[in-house]
Amino acid sequence: MNNIKVSVIVPVYNASQYIGKTLNSIIYQDFDSFEIIIVDDGSTDDSLEIINETLIDCEIPHKIIHQENAGVSVARNIAIDESIGDYLVFVDADDHISQDHISRLYNGKTDFSLTLYAKEEDGKLTNMDTYSQDMISTYDFIRMELNMQITFNFFQLMYKSDIIKDNNIKFTPGVVYGEDTEFAHKALNYGDKIAINNTVTYFYVQHPSSAIKTTEYRRFGIVKIFEDIAEFYTKNNKNEFADLIIKSRIPKAIFGNMNFFFYNGYDFDEVMGKMKELDLLGKLSKFEGDAKFKLKIKLFLLNPKLYYKMWRKLKNSI
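Everything numeric here is computed off the predicted structure, so don't read it as measured data.

(A) Examining the packing of helix α7 (residues 179-189) against helix α8 (residues 221-235) more closely. Look at α7 against α8: their axes get within 9 Å of each other, and the N-to-C directions meet at 15 degrees. As the angle between them shows, α7 and α8 are arranged roughly parallel. In this structure, the crossing between α7 and α8 has a hand that is right-handed. Contacts from E179, T181, E182, H185, K186 and N189 in α7 reach I225, F226, D228, I229, F232 and Y233 in α8. Counted by class, the contact of α7 with α8 contains five nonpolar, three polar and four charged residues.

(B) Layout of the nonpolar core. One finds V10 and Y159 to be the most contacted residues of the largest nonpolar core, which totals 99 residues. By residue number, the principal contributor to this core is helix α9 (residues 239-263), which donates eleven residues. Other than its neighbours up to four places away in sequence, V10 contacts I19, I26, I36, I37, I38, V39, V91 and A93.

(C) Seen up close, a nonpolar patch on the surface. Together, L295, L299 and L302 make up an exposed nonpolar region whose accessible area comes to about 310 Å². As for its position among the elements, L299 is in helix α12 (residues 291-302).

(D) A look at the packing of α9 against helix α13 (residues 304-313). In the contact formed by α9 and α13, the axes pass within 12 Å of each other and the chain directions differ by 60 degrees. With respect to each other, α9 and α13 are oriented oblique. Handedness of the crossing formed by α9 with α13: right-handed. From α9, F255, N259, F262 and Y263 reach across to α13, where they touch Y307, Y308, W311 and R312. Tallied by class, the residues present in the contact of α9 with α13 amount to six nonpolar, one polar and one charged.

(E) Expanded view of the packing of aromatic side chains. Tallied over the full model, the rule gives 35 aromatic pairs. Residues F154 and F171 carry aromatic rings whose centres are separated by 5.8 Å and whose planes lie at 80 degrees to one another, so their mutual orientation is edge-to-face. Of this pair, F154 sits in the loop between α5 (138-146) and β9 (157-160) while F171 is found in the loop between α6 (161-166) and α7, placing the two residues 17 residues apart along the sequence. Judged on exposure class, the residue F154 and its partner F171 are both buried. Here the aromatic cluster, defined as three or more aromatic residues joined through ring pairs, consists of F90, F112, Y117, F154, F155, Y159, F171, F183, Y202 and Y204. The ring of F171 has R76 lying over it, and the distance from NZ or CZ to the ring centre is 5.0 Å. Between R219 and the ring centre of F260, over which it is positioned, the NZ or CZ distance is 3.7 Å.

(F) Geometry of the pairing of strand β4 (residues 87-90). Burial along β4 is two-sided: the residues Y87 and V89 and L88 and F90 are all buried. With four bridges connecting them, strand β1 (residues 6-12) and β4 associate as parallel partners. Looking at β4, one finds that V8 is bridged to V89. Where β4 meets β9, three bridges bridge the pair, whose relative direction is antiparallel.

(G) Focus on the pattern of salt bridges. Counted under the stated rule, the structure contains 14 salt bridges. E179 serves as the salt-bridge partner of R76, at 3.0 Å between the closest nitrogen and oxygen. Of the two residues, R76 is situated in helix α3 (residues 72-82) and E179 in helix α7; the sequence distance between them amounts to 103 residues. You'll find R76 and E179 in the same group, each marked buried. The partner of K247 in a salt bridge is E288, with the nearest N and O atoms 3.9 Å apart. Note that K247 is positioned in helix α9 and E288 in the loop between α11 (280-284) and α12, a separation of 41 residues in sequence. Look at K247 and you get partly exposed, because its relative accessible area is 28%.

Procedures and definitions
Counting restarts for each chain, with residues numbered from 1 along the sequence as it is written. At least 70 in pLDDT is required for a residue's local features to be given in this predicted model, at least 80 for side-chain atom pairs to be given and counted, and no such filter applies to totals for whole chains, interfaces and linings, which use all residues. Note: side-chain values were computed over all heavy atoms of the structure, leaving out hydrogens and water. Only the stretch in contact is used when a helix axis is fitted, and all axes are lines through C-alpha atoms; the angle between N-to-C directions ranges over 0 to 180 degrees. Helix and strand assignments come from DSSP, with helices taken as H or I runs of at least 4 residues and strands as E runs of at least 2, each series counted from the N terminus. Any angle from 65 to 115 degrees is called roughly perpendicular, while one under 35 is roughly parallel, one over 145 is roughly antiparallel, and all others are oblique. Take the far helix as the reference: if the near one is turned anticlockwise from it by less than a right angle, the crossing is left-handed, and if turned clockwise, right-handed. Every residue pair with non-hydrogen atoms within 4.5 Å of one another is taken to be in contact. Amino acids are sorted into nonpolar (Ala, Val, Leu, Ile, Met, Phe, Trp, Tyr, Cys and Pro), charged (Asp, Glu, Lys and Arg) and polar (every other residue, Gly among them). Here, the term nonpolar core denotes a set of buried Ala, Val, Leu, Ile, Met, Phe, Trp, Tyr and Cys residues that are joined through side-chain atoms within 4.5 Å. Here's how the labels work: a residue is buried when its accessible area is under 20% of the maximum for its type, exposed when over 50%, partly exposed in between, all with a 1.4 Å probe on protein chains only. To count toward a patch, a residue needs a relative accessible area over 30% and no salt bridge; like charges are then connected within 9 Å, while nonpolar side chains (Val, Leu, Ile, Met, Phe, Trp, Tyr) are connected within 5 Å. What sets the accessible areas is the Shrake-Rupley method with a 1.4 Å probe; for residues, cover comes only from the shown protein chains. When a carboxyl oxygen of Asp or Glu lies within 4 Å of a side-chain nitrogen of Lys or Arg, that pair is called a salt bridge. Two aromatic rings from Phe, Tyr or Trp, using only the six-membered ring of Trp, form a pair when their centres are within 6.5 Å; if the ring planes differ by under 30 degrees the pair is stacked, by over 60 it is edge-to-face, and anything between is tilted. Here, over-ring charges are defined by two tests on the NZ atom of lysine or the CZ atom of arginine: distance to the ring centre within 6 Å, and angle to the ring normal within 35 degrees. Any two strands are treated as partners once DSSP identifies two or more bridges connecting them.

The following block contains the structure:
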């Protein structure tokens, strides 16, 4: 009989510098009845050796799966299929969790639960958002996320396994930026309540190779992700969410990533060329909402070069 309450999923690719600390933070949880599922995604360093050494005497049920490099989405999907826990928790191979991470998430009742996370860079912690309630409907949570009223990352959640498996929710293979956002939105769509614990238990480690710091134009790929999410919500009769994505979330994502490239010294003409290639200017013009932000977009679209010069002169104050 299955008595595993939680499956902790860890995809690994060339994380030898971090994976030992990550696994130890999972092994020494103050929670009973959980399993660890690790998928090594074709690492070429000694990650797999460290994994085996770390878990050699581990009494916690665990599986170590090795696959040819196929990407983090495929690795997570394989782990989900192999999991037997009532709930799923995701931990990235270069992050770590507090000893009470699982115990603060698990209640065995709600479809989802959530704790807080902190960004960790050079030993310094930056705490992210707290919440004003200890329970929230998935509807309200999705609405707040799409309005960017909260800072949220998919790894903050504990997911009821039946919701994921019964609805065949998967991470999209081949997507390198935003696949976790898509997964979380689709999962939340099928749930009811999220229990919230305002305790920091997840530590999101920032370093030069972190995906969030990847300064490539694939960051604009988040637009396609949100378009897919909008289509998903339309099919699930939640047109208000689809409309919010098209008229607010996507324009904000475009503008934010554009400024990211400018801030990091990317050539103006190169950025504009990429935006035109992806038809991002037309999508940017669909914004409806905050008057101040709408004015920024209007000024930019009227004369992108002039806006860029002013942006540089005023040091990103517009």
